[in-house]
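So the chains spell out like this:
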Amino acid sequence: MAWDFETDPEFQALLDWADEFVRTEVEPLDLVFENPYDRADEKAMAYTRRLKQAVKDKGLWACHLGPELGGAGYGQVKLGLLNEILGRSTWAPSIFGCQAPDSGNAEILAHYGTEQQKAKYLQPLLDGDIGSCYSMTEPHAGSDPTLFTTSAVRDGDSWVLNGEKWFNSVAAFAEFYIVLAVTDPSVSAYQGMSMFIVPAETPGLEIVRNVRVAGFSDHEAYVRYTDVRVPAENLLGPEGGAFAVAQTRLGGGRVHHAMRTVALVRKAFDMMCERAVSRQVRGGTLGSLQLTQEKIADSWIEMEQFRLLVLRTAWLIDKHQDYLLVRKDIAAIKVAMPRVMHDVAQRALHLHGALGVSDEMPFADMMIYAEIMGIADGPTEVHQVTLAKQLLRGYQPVPGLWPTEHRPSKREAAQAHVAARMEHVVANH
């Protein structure tokens, strides 16, 4: 038997250090400094330099990357346990060198970048000296990338990009963008799209406006590419290979979102329980009331179920080393994530009454975050369809008229089975 729900002592010691470090040194940054992506904020960058160094000294910097890239090469289970801590703070991923979208872009560059691309973009990204942007979604296409129209046309030693991209996270602070564009409209989108590195200062690249997502980000950029010319060597990965490149970051990204959501769900749950034992009502505390107890019990069950589903999915990824083999499991946690986050945050908000709906508590932001997680990296409905299709592949149509569990048919078969055995028993006695 190989079942185990314990963490080895050596890694647990690192988790304990990270937990204390995030609580005492990192979470306060969320209330003091505005934006972990704004490297022009010299005061914030100077203050956090020593914190990043402390993480590096512990060997916990960019743990999602292998040792050859300066990371610890952790598998998904270890990353999950660490991200359950980092998810409590907006600043924590930056302090630990694993902030999105830079972490996913670094994985793409590590897997598909040329040596020149790695030297120019990957190493500064890994060192935390620059930021990046992932430019994929388009305003007219929603969740269907086969409808994307942003194009890249080869012109001599250059590619020329034209089109618009929507919700480009932290584009305003990026040194370069990784852009998905159609390079061959005559074939399937799965063979006709490619990835490009586009430096932020390239002529023709325009941030039309930054869209604010309440409680989440003020910098979700609407970007326009007008005759944006980049050298041919800025093609990232093979021509026509954008979907394979994209899965390098999207599969892992969905899992990491879920891991960090576990932290936020637990934070909402802890606030709920604290409120329950603190708030006095007629006859006792809120926690003495059965309706409150029901909210707490339901929330704990949902939280623990979700956490175990996430860790099991992480374990499967570590086991198979193939996101496609774990596709249904990743879809499942993507579906569960916004539901659990919303339900626990809503209950916690409600128990805090008027204070809960104010901006003096974080519950409204948590509920908006839940909705964002139901849209980002593909909406919930898409993943429900994926999950259902994957599950149904394991079943076959019943060969006859009646279902397999049809009782009269099973009884008849059982009687025939027993009768045949009885004849054998009688014959031997």
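All of the points below concern the structure found in this document. This one's a predicted model, so the numbers in the text were calculated from it and none came from an experiment. (Residues numbered from 1 in each chain as written. Predicted model: local features only at pLDDT ≥ 70, side-chain atom pairs only at ≥ 80, totals over all residues. Heavy atoms only, no water.)

### A few points about the overall build of the chain
Okay, so step 1: Along the backbone of the chain there are 14 helices and 10 strands.
Okay, so step 2: Here the C-alpha coordinates of the chain stretch approximately 90 × 65 × 45 Å along the principal axes.
Okay, so step 3: In the chain, the proportion of contacts linking residues at least 24 apart, taken out of those at least 6 apart, comes to 71%.
Okay, so step 4: Just so you have it, the chain exposes about 22,500 Å², and 55% of that area is on carbon and sulfur atoms.
Okay, so step 5: Each charge sign in the chain was given a centre, from 41 positive and 55 negative side chains, and these centres are 5 Å apart. (Helix = DSSP H or I, 4+ residues; strand = E, 2+ residues; numbered from the N terminus. Contact = heavy atoms within 4.5 Å. Areas by Shrake-Rupley, 256 points an atom, 1.4 Å probe, with all protein chains shown as cover. Lys, Arg positive; Asp, Glu negative; His and termini not counted. Charge placed at Lys NZ, Arg CZ, Asp CG, Glu CD.)

### Topic: a nonpolar patch on the surface
Okay, so step 1: Residues Trp3, Phe5 and Leu308 make up a contiguous nonpolar surface patch of about 450 Å² in total accessible area.
Okay, so step 2: Mapped onto the elements, Phe5 comes out in the segment before α1 (9–26).
Okay, so step 3: According to the relative accessible area criterion, Phe5 is exposed, its value standing at 69%. (Patch = residues over 30% accessible without salt bridge, like charges linked within 9 Å, V, L, I, M, F, W, Y side chains within 5 Å. Salt bridge = Lys/Arg side-chain N within 4 Å of Asp/Glu carboxyl O. Buried < 20%, exposed > 50% of the residue type's maximum accessible area, 1.4 Å probe, protein only.)

### Quick word on the pairing of strand β2 (residues 151–155)
The side chains of a regular strand alternate, residue by residue, between the two faces of the sheet.
Okay, so step 1: Pairing of β2 with strand β3 (residues 158–169) involves five bridges; the strand directions are antiparallel. Looking at β3, one finds that Ser151 is bridged to Asn162. (Pairing = 2+ DSSP bridges.)

### A word on the nonpolar core
Okay, so step 1: Ile95, Phe96, Met195 and Phe306 are the most contacted members of the largest nonpolar core, which has 96 residues in total.
Okay, so step 2: For this core, the element with the most residues is helix α8 (residues 242–278), which contributes 15 residues.
Okay, so step 3: If you look at the next biggest cluster of nonpolar residues, it comprises 19 residues, including Tyr177, Leu205, Val223 and Tyr225. (Core = buried A, V, L, I, M, F, W, Y, C linked by side-chain atoms within 4.5 Å.)

### Some thoughts on the packing of helix α10 (residues 327–351) against helix α13 (residues 380–392)
Okay, so step 1: Closest axis-to-axis distance for the α10/α13 pair is 8 Å, and the angle between their directions is 140 degrees. Our pair here, α10 against α13, has a crossing hand that is left-handed. Residue-level contacts link Arg327, Lys328, Ala331, Ala332, Lys334, Val335, Pro338 and Arg339 of α10 to Thr380, His383, Gln384, Thr386, Leu387, Gln390 and Leu391 of α13.
Okay, so step 2: For the contact of α10 with α13, the per-class residue count stands at six nonpolar, five polar and four charged. (Axes fitted to C-alpha atoms, helices over the stretch in contact; angles between N-to-C directions. Left-handed = near helix turned anticlockwise from the far one by under 90°. Nonpolar A, V, L, I, M, F, W, Y, C, P; charged D, E, K, R; others polar.)

### Notes on the side chain of Ser132
Okay, so step 1: In this structure, Ser132 sits in strand β1 (residues 132–135).
Okay, so step 2: For Ser132, a relative accessible area of 2% puts it in the buried group.
Okay, so step 3: At 2.6 Å, the side chain of Ser132 forms a polar contact with the side chain of Asp102.
Okay, so step 4: At a separation of 2.8 Å, a polar atom in the side chain of Ser132 contacts the side chain of Asn105.
Okay, so step 5: For Ser132, the contacting residues outside a window of four places in its chain are Pro101, Asp102, Asn105, Leu125, Val170, Ala174 and Phe176. (Polar contact = N/O pair within 3.5 Å; in protein donor to acceptor, adjacent residues only side chain to side chain.)

### Looking at unusual backbone geometry
Okay, so step 1: The linkage connecting Ala100 with the following residue, Pro101, adopts the cis geometry, with an omega of 0 degrees.
Okay, so step 2: Summarising the element assignment, Pro101 is placed in the loop between α4 (92–95) and α5 (102–112).
Okay, so step 3: Positive phi is not limited to glycine here, since Asp227 has a value of about 50 degrees.
Okay, so step 4: According to the relative accessible area criterion, Asp227 is exposed, its value standing at 51%.
Okay, so step 5: Here Gln321, not a glycine, exhibits a phi torsion of approximately 55 degrees, which is positive.
Okay, so step 6: Residue classification places Gln321 among the exposed positions, given a relative accessible area of 63%.

### A short note on the side chain of Glu138
Okay, so step 1: Mapped onto the fold, Glu138 is located in the loop between β1 and β2.
Okay, so step 2: In contact with Glu138, not counting residues within four places along its chain, are Phe148, Thr149, Thr150, Glu164, Lys165 and Trp166.

### Concerning the packing of α1 against helix α3 (residues 76–86)
Each pair of packed helices can be described by the angle between their axes along with the distance between the axes.
Okay, so step 1: Put simply, α1 and α3 touch, their axes get as near as 9 Å, and they point 20 degrees apart. With respect to α3, the element α1 is oriented roughly parallel. In this structure, α1 crosses over α3, and the sense of that crossing is right-handed. For the pair α1 and α3, the contacting residues are Phe11, Leu15, Ala18, Asp19 and Val22 in the first and Lys78, Leu81, Leu82, Ile85 and Leu86 in the second.
Okay, so step 2: Class assignment for the residues of the contact of α1 with α3 results in eight nonpolar, no polar and two charged. (Parallel < 35°, antiparallel > 145°, perpendicular 65-115°, else oblique.)

### A few points about α1
Side chains three or four residues apart in an α-helix point the same way, a direct result of the helix having 3.6 residues per turn.
Okay, so step 1: For α1, with 18 residues, the first-to-last C-alpha span of 24 Å sits near the 26 Å given by 1.5 Å per residue.
Okay, so step 2: Buried positions along α1 lie against α2 (42–57), α3 and α4. (Expected span 1.5 Å × (residues − 1).)

### Considerations on the state of the cysteines
Okay, so step 1: Summed over the entire model, instances satisfying the criterion amount to zero disulfides.
Okay, so step 2: Here Cys63 is not disulfide-linked; the sulfur of Cys98 is the nearest cysteine sulfur, at 7.6 Å.
Okay, so step 3: Of the residues examined, Cys63 reaches a relative accessible area of 3% and is grouped as buried. (Disulfide = S-S within 2.5 Å.)

### Comments concerning the environment of Ala110
Okay, so step 1: Turning to its location among the elements, Ala110 is positioned in helix α5.
Okay, so step 2: Setting aside its immediate chain neighbours within four residues, Ala110 contacts Leu69, Lys118 and Leu122.

### Here's the deal with the packing of aromatic side chains
Okay, so step 1: Tallying each qualifying case throughout the model produces 10 aromatic pairs.
Okay, so step 2: Through a chain of ring-to-ring contacts, three or more aromatic side chains come together here, namely Trp17, Phe21 and Phe96.
Okay, so step 3: The ring of Trp61 has Lys56 lying over it, and the distance from NZ or CZ to the ring centre is 4.6 Å.
Okay, so step 4: The residue whose ring lies beneath Lys78 is Phe11, and the NZ or CZ to ring-centre distance is 4.9 Å. (Phe/Tyr/Trp six-rings, centres within 6.5 Å; stacked < 30°, edge-to-face > 60°. Lys NZ or Arg CZ within 6 Å of the ring centre and 35° of its normal.)

### A look at the pattern of salt bridges
Opposite charge on two side chains permits pairing when their charged atoms draw close.
Okay, so step 1: For the coordinates displayed, the defined rule picks out 19 salt bridges.
Okay, so step 2: The closest approach of N and O atoms between Glu27 and Arg88, which form a salt bridge, is 2.9 Å. Of the two residues, Glu27 sits in the loop between α1 and α2 while Arg88 sits in the loop between α3 and α4, which places them 61 residues apart along the sequence. Accessibility classification places Glu27 together with Arg88 in one group, the buried group.
Okay, so step 3: Ionic pairing is found between Arg312 and Asp329, a salt bridge with its closest N-O pair at 2.9 Å. Here Arg312 is found in helix α9 (residues 290–320), whereas its partner Asp329 is found in helix α10, with 17 residues between them in sequence.
Okay, so step 4: Arg312 gets classed as partly exposed once you look at its relative accessible area, which sits at 43%.
Okay, so step 5: Connected via shared salt-bridge partners are Asp19, Glu20, Arg23, Glu27, Arg88 and Lys267.

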